[in-house]
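The primary structure of each chain is shown beneath.
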Amino acid sequence: MMNKGFSELFQSYGMTINGNNAYGQIKGFETNVIIRMLDNLSPVTVHISCYTTSEQKRAIERSLQAAAIKFFRFSFTDFGIKLGFNDITAGKLIKRLPDLLNQVIGILTEQGALSAKYCPVCGNEMVYESTKKANVDGFAITLSSDCIENLNKSIAEENKDFTEAPNNYVEGFFGALLGGVIGGIIAFILYMVGFFSAISAFVAA
């Protein structure tokens, strides 16, 4: 279940809570939230669906870097922008999040990012009857029917390439698993004594 403070915060935006996920709209933008309390880097991940041109992406990147937000990461996706938030404690982050989300969405709006009325892939205005939701990395993304058909084709091609690849992934998997277990133990201990995971990566190092 989602931390009570986070749950109350996202419910105040009218978002639907499902376990550690929240879905809805914030200031007209389709928004997904995933809470992973033991994540060392970004225990709160927010995906904002929006269509942006390459030039707009560069302008948004410059503005976000200039904002110098603490414990913050971001990256563009094929469907918008993914934000990672952190702080020393959950309580501090809950207090900061409304201002941070306003700041980020303000930058998106200022630079011309298109809201939930438009397909985040093609930028065309969406007609409700011809839209579908895709589950992408745990995020519910609303797309136009044409774009979701293209997405399904792309996924099918990638799956085919993967199954036909001759590489052995077992060794790489166990190496990554070992590193994750060590970091997770440290993060869990710190979380149990009241700290958020911003400092656990430092302790692990």
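Just so we're clear, the structure is a prediction, and the values are computed from it rather than from any experiment.

**Q** Tell me about the packing of aromatic side chains, and name the residues and values.
**A** One pass over the full model with this rule turns up three aromatic pairs. Measuring from ring centre to ring centre gives 5.9 Å for F72 and F74, while their planes differ by 25°; the resulting arrangement is stacked. Residue classification places F74 among the partly exposed positions, given a relative accessible area of 23%. Taken together, a centroid distance of 5.3 Å and an interplanar angle of 35° make the contact between F72 and F85 tilted. Taken together, the residues F72 in strand β5 (residues 72-77) and F85 in strand β6 (residues 80-85) connect sequence positions 13 residues apart. For F72, a relative accessible area of 14% corresponds to the buried category. For F85, a relative accessible area of 0% gives the class buried. An aromatic cluster is defined as three or more aromatic residues linked by ring pairs; in this entry it consists of F72, F74, F76 and F85.

**Q** I'd love a proper account of the sheet that holds strand β4 (residues 44-49), names of residues and values included.
**A** Strand order across the open sheet formed by six strands is β1-β2-β3-β4-β6-β5, with antiparallel pairing between neighbours. The sheet is open, and its two borders are formed by β1 (16-18) and β5, each paired with just one other strand. Direction aside, neighbouring strands of the sheet carry axes that sit 20° apart on average. Note: strand β2 (residues 21-26) against strand β3 (residues 29-35), six bridges, orientation antiparallel. Paired with N21 across the two strands is I34, which belongs to β3. Packing of helix α2 (residues 54-67) onto the sheet brings it into contact with β5 and β6, and relative to β5 it is tilted by some 175°.

Rules used throughout
- Residues numbered from 1 in each chain as written.
- Predicted model: local features only at pLDDT ≥ 70, side-chain atom pairs only at ≥ 80, totals over all residues.
- Heavy atoms only, no water.
- Phe/Tyr/Trp six-rings, centres within 6.5 Å; stacked < 30°, edge-to-face > 60°.
- Buried < 20%, exposed > 50% of the residue type's maximum accessible area, 1.4 Å probe, protein only.
- Helix = DSSP H or I, 4+ residues; strand = E, 2+ residues; numbered from the N terminus.
- Pairing = 2+ DSSP bridges.
- Axes fitted to C-alpha atoms, helices over the stretch in contact; angles between N-to-C directions.
- Contact = heavy atoms within 4.5 Å.

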